[in-house]
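So you can see what is in the structure, the chains are spelled out below.
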Amino acid sequence: MNDFRSLHRAGDPLILPNAWDVASARLLAGAGFPAIGTTSLGVAAVNGLPDGEGATDADTLRLVRRIAGLPCHVTVDIERGSVGMAVAVAAAGAAGINVEDAMGPVEPQVRLIRAVKRELPELFVNARTDTHWQRAGDLAETLRRVRAYADAGADGIFVPGLREPADIAAVVRAVDLPVNVLHDPCGPTLAELTALGVRRVSTGSLLFRVALAATVEAARAVRDGTPVRATGLPSYAEIAAAP
């Protein structure tokens with residue numbers, strides 16, 4: 001496999017789908033994606049746990065151990081994170097991690113990034129700031145945070161919820177690192193993001209939510225006697241095949 005860092009290319013961004021269990025990871029790897037991520041919301045939801053509160057470390061680590069042997073790189077959402085969790089997922093075979101600041105103070109996040117990079121210099125640390133996640137967004141604060149995380153040694157910057165082209169361009173200009181944005185079905189197209197200099201586009205919880213919607217839609221169709229989409233589905237044999 002190519003080095004994970006080398007997949008973050010200007011003009012040809014890494015499209016990173018996010019898996020929530022072994023089956024979704026296997027199918028995404030089988031579809032030819034060179035790297036997959038985990039979605040913390042998906043992992044939390046399938047285990048009946050809250051997202052973003054550090055409740056899924058054991059389940060996330062268990063998942064990474066089961067999918068790290070797939071023919072693709074794996075990068076792991078460890079939520080707010082810790083050095084211990086970073087070490088554990090790296091030992092399990094992860095090529096990278098996401099660590100989020102949850103809009104907490106900047107300095108503890110800077111210390112965490114520095115500590116992880118001292119311990120694991122080869123691990124790709126994607127530093128996420130939540131300045132635009134589930135809130136209106138503050139570009140000045142975003143730029144302050146991404147510069148601090150870049151100076152701390154992060155390998156990439158992730159700003160989920162960032163969708164205005166001018167703001168995306170400003171973040172790309174602010175740091176000499178790959179910038180990761182979350183795919184927004186109502187936001188800029190992949191071509192537009194590429195032109196803005198984005199080097200990684202991830203799906204976050206989108207695939208998981210689409211799968212849930214399709215599940216409910218199919219169940220309703222069976223109940224109501226309406227057609228169920230039956231084309232393009234993975235076969236029983238594909239799903240049942242040993243990892």
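Here the structure is a predicted model, which is why all the values come from computation and not from measurement.

### Description of the side chain of Glu100
(1) Moving on: If you trace the backbone, Glu100 turns up in strand β5 (residues 96–100).
(2) Moving on: For Glu100, a relative accessible area of 8% translates into the label buried.
(3) Moving on: Among residues more than four places away in sequence, those in contact with Glu100 are Gly52, Asp77, Glu79, Arg80, Gln109, Arg128 and Asp130.

### Notes on helix α3 (residues 57–67)
It helps to recall that an α-helix has 3.6 residues per turn; residues three or four apart then point in one direction.
(1) Moving on: Of all the residues in α3, the buried ones are Asp59, Thr60, Leu61, Leu63, Val64 and Ile67.
(2) Moving on: Where the residues of α3 are buried, they touch α1 (22–30), β3 (35–38), α2 (40–46), β4 (73–77) and α4 (83–92).

### Quick notes on the nonpolar core
(1) Moving on: With 52 residues, the main nonpolar core has Ile36, Ile67, Ile78, Val89, Ile97, Val116 and Ile157 as its most contacted residues.
(2) Moving on: The greatest single-element share of this core, amounting to five residues, is contributed by helix α5 (residues 106–119).
(3) Moving on: In terms of nonpolar packing, the next biggest core, distinct from the first, is built from seven residues, Phe4, Leu7, Leu14 and Phe124 among them.

### Considerations on the packing of helix α6 (residues 139–151) against helix α7 (residues 165–174)
(1) Moving on: Here α6 crosses α7 at 25°, and the two axes come no closer than 10 Å. One finds that α6 runs roughly parallel with respect to α7. Pair α6 / α7 crosses with right-handed handedness. Residues Leu139, Thr142, Leu143 and Arg147 of α6 form the contact with α7, whose participating residues are Asp167, Ala170, Val171 and Ala174.

### Quick notes on the layout of surface pockets
(1) Moving on: The calculated volume of the largest pocket comes to roughly 790 Å³.
(2) Moving on: Together, 21 residues line the largest pocket, and Ala211, Ala214, Arg229, Leu233 and Pro234 are the ones closest to its centre.
(3) Moving on: Those elements giving two or more residues to the lining of the largest pocket turn out to be α1 and α9 (206–224).
(4) Moving on: The leading source of residues in the lining of the largest pocket is α9, at eight residues.
(5) Moving on: When its residues are assigned to classes, the lining of the largest pocket shows 16 nonpolar, two polar and three charged.
(6) Moving on: In this structure, the second largest pocket is lined by 34 residues; those nearest its centre are Arg128, Trp133, Leu182, Gly204 and Ser205.
(7) Moving on: Counting only elements with at least two residues in the lining of the second largest pocket, the list comes to β3, α2, β4, β5, β8 (179–182), β9 (200–202) and α9.
(8) Moving on: When residues of the lining of the second largest pocket are assigned to their parent elements, the largest contribution, three residues, is made by β4.
(9) Moving on: Across the lining of the second largest pocket, the residue classes tally to eleven nonpolar, 15 polar and eight charged.

### Overview of the sheet that holds β4
(1) Moving on: Strand order in the open sheet formed by nine strands is β1-β9-β8-β7-β6-β5-β4-β3-β2, with parallel pairing between adjacent strands. The open sheet is flanked by β1 (14–16) and β2 (18–19), the only strands paired with a single partner.
(2) Moving on: One ladder, built from two bridges, connects strand β7 (residues 156–158) with β8; its direction is parallel. By the bridge assignment for β8, Ile157 is matched with Val179.
(3) Moving on: Sheet strands in contact with α5 are β5 and β6 (124–128), and its direction is about 165° off that of β5.

### Considerations on the packing of aromatic side chains
(1) Moving on: This model, assessed by the stated rule, comprises two aromatic pairs.
(2) Moving on: Relative to Phe124, the ring of Phe4 lies with its centre 5.3 Å away and its plane at 80°, an arrangement referred to as edge-to-face. Highlighted residues: Phe4 in the segment before β1 and Phe124 in strand β6, separated in sequence by 120 residues.
(3) Moving on: According to the relative accessible area criterion, Phe4 is buried, its value standing at 3%.

### Section: unusual backbone geometry
(1) Moving on: Positive phi is not limited to glycine here, since Ala102 has a value of about 50°.
(2) Moving on: Topologically, Ala102 is positioned in the loop between β5 and α5.
(3) Moving on: By relative accessible area, which is 36% here, Ala102 ends up partly exposed.
(4) Moving on: Of note in the backbone geometry, Gln134 takes a positive phi value of approximately 60° without being a glycine.
(5) Moving on: The exposed category is assigned to Gln134, whose relative accessible area is 67%.

Reading the values: the criteria
- Residues numbered from 1 in each chain as written.
- Predicted model: local features only at pLDDT ≥ 70, side-chain atom pairs only at ≥ 80, totals over all residues.
- Heavy atoms only, no water.
- Helix = DSSP H or I, 4+ residues; strand = E, 2+ residues; numbered from the N terminus.
- Buried < 20%, exposed > 50% of the residue type's maximum accessible area, 1.4 Å probe, protein only.
- Contact = heavy atoms within 4.5 Å.
- Core = buried A, V, L, I, M, F, W, Y, C linked by side-chain atoms within 4.5 Å.
- Axes fitted to C-alpha atoms, helices over the stretch in contact; angles between N-to-C directions.
- Parallel < 35°, antiparallel > 145°, perpendicular 65-115°, else oblique.
- Left-handed = near helix turned anticlockwise from the far one by under 90°.
- 1 Å grid on protein atoms, 1.4 Å probe; cavity = no way out; pocket = protein on both sides within 12 Å on 5 of 7 lines; lining within 4 Å.
- Points joined across faces, edges and corners; volume = space filled by probe spheres on them.
- Nonpolar A, V, L, I, M, F, W, Y, C, P; charged D, E, K, R; others polar.
- Pairing = 2+ DSSP bridges.
- Phe/Tyr/Trp six-rings, centres within 6.5 Å; stacked < 30°, edge-to-face > 60°.

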